[in-house]
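Here is what each chain is made of, one letter per residue.
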Amino acid sequence: MFVNLLGKQWLPSIPQIDRRLRAPGARIADVACGTGWSSIAMAQAYPGASVDGVDLDGDAIEEAKRHARDAGVADRVRFEARDAAGLGGEHRYDVVTVIEALHDMAQPVATLRTARGLLADGATVLVVDSASGEDFTVPGTEYEQLEYGWSLVTCLADAREPGSAATGAVMRPPTLRRYAAEAGFIGVRVLPIETPYWRFYELTP
């Protein structure tokens, strides 16, 4: 989905983000980038942009670096095993992405607050996460039943630590809106991108 859809269909369908990323010298921060495919796909779609991908998993980052070399974008995509709080410096980003990862984080509000601080003027944060329903219903859809299964064995378990938000895989829109408000964002917009699994949110500082 990253290689075939992210840079070729999904991002181009968001005019304000697409326009910024087509400008020479555009900068993207990809938080919780995993093995790098989202970062690579964005670099391939926007040849004038550079991408900083960060993840706490050192093994995943090493694999991401190899993937970037193989894809021929290692000159514009930098991967580091670090916390996103260390990004930025004097530079800011035209978009910060958190793709299929926020629900896994023990401190999602802190992550969003950091992402907000990385933005250039007029830039936004793009969160892609579970396409769960607005409200809990019984019986749940087959998709939500699947997500609850994943949550019990992986997502929720991985995020358990003292003080964890313990979000789990089924992160509903009201939860994301609450996290964004607590992180200082003034707007959350659900983007009109239809996929079977994910919902796209644009967060405005």
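Our structure's up above, just so we're on the same page.
Anyway, here's the lowdown on the structure attached to this text.

Rules used throughout
Residues numbered from 1 in each chain as written. Predicted model: local features only at pLDDT ≥ 70, side-chain atom pairs only at ≥ 80, totals over all residues. Heavy atoms only, no water. Phe/Tyr/Trp six-rings, centres within 6.5 Å; stacked < 30°, edge-to-face > 60°. Helix = DSSP H or I, 4+ residues; strand = E, 2+ residues; numbered from the N terminus. Buried < 20%, exposed > 50% of the residue type's maximum accessible area, 1.4 Å probe, protein only. Lys NZ or Arg CZ within 6 Å of the ring centre and 35° of its normal. Pairing = 2+ DSSP bridges. Right-handed = clockwise from strand over helix to strand, strands pointing away. Axes fitted to C-alpha atoms, helices over the stretch in contact; angles between N-to-C directions. Contact = heavy atoms within 4.5 Å.

1. Quick word on the packing of aromatic side chains
In total, this model carries four aromatic pairs according to the counting rule given. When the centroid spacing of 6.1 Å and the interplanar angle of 45° are considered together, the rings of Y143 and Y197 count as tilted. Taken together, the positions of Y143 in helix α6 (residues 142–159) and Y197 in the loop between β6 (187–190) and β7 (198–204) put the pair 54 residues apart, joining distant regions of the chain. Judged by relative accessible area, which is 16%, Y143 ranks as buried. The class of Y197 is partly exposed, set by a relative accessible area of 43%. An aromatic cluster is built from F2, W10, W198 and F200, whose rings are joined through pairwise contacts. Note that R27 overlies the ring of Y93, its terminal NZ or CZ placed 4.3 Å from the centroid.

2. Quick notes on the pairing of strand β2 (residues 50–55)
The buried fraction of β2 amounts to five of the six residues, a majority that puts the element mostly inside the structure. Examined bridge by bridge, strand β1 (residues 27–31) and β2 share five bridges and lie parallel to one another. Of the residues in β2, the one forming a bridge with A29 is D52. At this point the chain moves from β1, through helix α3 (residues 37–45), to the parallel β2, and the crossover so formed is right-handed. Pairing analysis gives five bridges linking β2 to strand β3 (residues 77–81), with the strands arranged parallel.

3. Concerning the sheet that holds β6
If you trace the seven strands from one edge of the open sheet to the other, you get β3-β2-β1-β4-β5-β7-β6, paired in mixed fashion. The two strands at the open ends of the sheet, each matched to only one other strand, are β3 and β6. Within this sheet the neighbouring strands show an average axis-to-axis angle of 20°, counted without direction. Where strand β5 (residues 119–130) lies against β7, six bridges are found, and the strand directions are antiparallel. Of the residues in β7, the one forming a bridge with V125 is L203. Packed onto the sheet, helix α5 (residues 108–117) meets β1, β4 (93–99), β5 and β7 and runs at close to 150° relative to β5.

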